[in-house]
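Residue strings, one per chain:
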Amino acid sequence: MIIVPGSASLSLSKALASELGVKLANVESRRFPDDEGYVRIHDDLDGEEVVLVQTAYPDEKIIELFLLQDAAREFNVNKIITVVPYFGYARQDRKFNTGEPISAKTLAKHMQLSSDSLLTVDIHEESIMDWFDIPSKNISGMPQIGVHLKDIGPEIIIGPDKGALELAKSVAEAMGASWDYLEKTRIDGENVEMKAKNLSVSGKKVAIVDDIIATGGTIVKATEQLKSQGATEVYAACTHGLFAKNALSKLQNVCDRVISTDTIENATSVVSVAYEIAKEIRKG
Ligand code: R5P
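Residues numbered from 1 in each chain as written. Predicted model: local features only at pLDDT ≥ 70, side-chain atom pairs only at ≥ 80, totals over all residues. Heavy atoms only, no water.

**Student:** Any details on the site of the ligand? Residues and values, ideally.
**Tutor:** Around the ligand, the structure places R91, H124, D210, D211, I212, I213, A214, T215, G216, G217 and T218. One nitrogen or oxygen atom from the side chain of T218 is found 2.4 Å from an oxygen atom belonging to the ligand. Calculation on the ligand without its partners gives an accessible area of 380 Å², and the protein chains cover 77% of this total. Judged by the fraction of its atoms near the pocket grid, the ligand is located in the largest pocket. Breaking the shell around the ligand down by element, the ones donating at least two residues are β12 (205-213) and α6 (217-228). Here the shell around the ligand gets 4 residues from one element, more than from any other, and that element is β12. (Near = heavy atom within 4 Å. Polar contact = N/O pair within 3.5 Å; in protein donor to acceptor, adjacent residues only side chain to side chain. Areas by Shrake-Rupley, 256 points an atom, 1.4 Å probe, with all protein chains shown as cover. 1 Å grid on protein atoms, 1.4 Å probe; cavity = no way out; pocket = protein on both sides within 12 Å on 5 of 7 lines; lining within 4 Å. Sits in = over half its atoms within 2 Å of the grid points. Helix = DSSP H or I, 4+ residues; strand = E, 2+ residues; numbered from the N terminus.)

So, in structure tokens, the structure goes:
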């Protein structure tokens, strides 16, 4: 087995190689003067079980993923397992308006062209996995977020909406905390109150967990509300830290800590999903 690292997932690829005790391939990745991408795998992959790791964000990393898959396929490989730590475009998982593509399906269909199986992490909508015709699995970074948060000590883990309750539960169960979700009540035309559905946050350290933080709008609003309801500290944790534009500084202004995993590598990626991915690969 050999790990082929995409340029969007270098740290995670290294962590995965070390977790599995296998070699990391030497991959050249650069851009031509006209900004088209170029990749070259410098190791001989003949006979290898290849684990190709590349997050599908931003757009140029998606093209790089396809090029790497094809470059690997040009060898006489035994098998290609594609690991897509962050599956971009997953929030367009249906046609909201006539004339739109189902972007998540578009990506799934292309990702499987040169792959024998695929793993991804906390995909925004589980049903996207049904678009794959090859064996595929969505695994969760939440238990490892729970292990990390245990040392920081939040007493309540909160999902920003009912849809995120399962995420909150799996973090809370990994660390022995309580869990809940925020219910929204419209106060007037401009104001919406967000309050934990069942638990009081007064005097408590709280962590809000979500699959994705993009603009940070959801978490900033939730943090302000929880603090006004008496939470002593509020931490923000997500699997995929996209942090569009100035989202991270907005979050750091209100949250006591911001953490994410290495599905998207940035300064807040203090949790690795390598262990969970390795566990799945070992199952074969
Ligand atoms: C929404 O369904 C997702 O789970 C996240 O809550 C959302 O993508 C967060 O977006 P933002 O950071 O822009 O509020």
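Here the narrative resumes, following the displayed structure.
**Student:** Tell me what's going on with the pairing of strand β10 (residues 178-186), and back it up with residues and numbers.
**Tutor:** Across 4 bridges, strand β9 (residues 156-159) lies against β10 in parallel orientation. Of the residues in β10, the one forming a bridge with G159 is Y181. Pairing of β10 with strand β11 (residues 192-196), which is carried by 5 bridges, proceeds in the antiparallel orientation. Pairing of E183 across the sheet is with K195, part of β11. Taken together, β10 and the strand that follows it, β11, pair antiparallel across an intervening segment of 5 residues. (Pairing = 2+ DSSP bridges.)

**Student:** Requested: an account of the pattern of salt bridges, with residues and values cited.
**Tutor:** Tallying each qualifying case throughout the model produces 11 salt bridges. The partner of E280 in a salt bridge is K137, with the nearest N and O atoms 3.5 Å apart. Here K137 lies in strand β8 (residues 136-139) and E280 lies in helix α8 (residues 274-282), a separation of 143 residues in the sequence. For K137, a relative accessible area of 37% gives the class partly exposed. Salt-bridge contacts for D256 lead to K227; the nearest nitrogen and oxygen are separated by 2.8 Å. Placement of D256 in the loop between α7 (247-254) and β14 (257-261) and of K227 in helix α6 is noted, with a sequence separation of 29 residues between them. Overall, the relative accessible area of 37% leaves D256 in the partly exposed class. (Salt bridge = Lys/Arg side-chain N within 4 Å of Asp/Glu carboxyl O. Buried < 20%, exposed > 50% of the residue type's maximum accessible area, 1.4 Å probe, protein only.)

**Student:** Tell me about the nonpolar core, residues and numbers included.
**Tutor:** Ranked by internal contacts, the top residues of the largest apolar core, which has 30 residues, are V4, I41, L45, V50, F87, M111 and F132. Of all the secondary structure elements, the ones that give two or more residues to this core are β1 (2-5), β4 (37-41), β5 (49-53), α2 (59-73), β6 (79-84) and α3 (103-111). A total of 5 residues in this core trace back to one element, the largest contributor, which is α2. Once residues lying within four places of it in the same chain are set aside, the contact partners of F132 are F87, A108, M111, Q112 and L118. A196, V220, V234 and V258 belong to the second largest nonpolar core, which has 23 residues in total. (Core = buried A, V, L, I, M, F, W, Y, C linked by side-chain atoms within 4.5 Å. Contact = heavy atoms within 4.5 Å.)

**Student:** Mind laying out the sheet that holds β12, listing which residues take part and the relevant values?
**Tutor:** The strand order across the open sheet formed by 7 strands is β11-β10-β9-β12-β13-β14-β15, and the pairing between neighbours is mixed. At either end of the open sheet lies a strand with only one pairing partner, and these are β11 and β15 (269-271). The mean inter-strand angle of the sheet, taken between neighbouring strand axes irrespective of direction, is 35°. Sheet analysis places β9 next to β12, joined by 3 bridges and oriented parallel. Bridged to I158 within β12 is I208. Relative to the sheet, helix α4 (residues 142-152) contacts β9, β12, β13 (233-241), β14 and β15, its axis offset from that of β13 by approximately 155°. The strands touched by helix α5 (residues 165-175) within the sheet are β9, β10 and β12, with β10 carrying the most contacts at an inclination of about 155°. (Axes fitted to C-alpha atoms, helices over the stretch in contact; angles between N-to-C directions.)

**Student:** Report on α7, specifying residues and quantitative values.
**Tutor:** Within the span of α7, buried status applies to A247, L251 and V254. The arc that holds every buried residue of α7, seen down its axis, measures 70°, which confines them to one face. (Arc of directions from axis to C-beta.)

**Student:** Please set out the environment of E28 residue by residue, giving values where relevant.
**Tutor:** Mapping E28 onto the fold places it in strand β3 (residues 27-31). On the accessibility criterion, E28 (25% relative accessible area) is partly exposed. In this structure, the C-alpha to C-alpha distance between E28 and F243, residues 215 residues apart in sequence, is 27 Å. When residues no more than four places from it in sequence are discounted, the contact partners of E28 are Y38, V39, R40 and H42. A distance of 2.8 Å separates a polar atom in the side chain of E28 from a polar atom in the side chain of H42.

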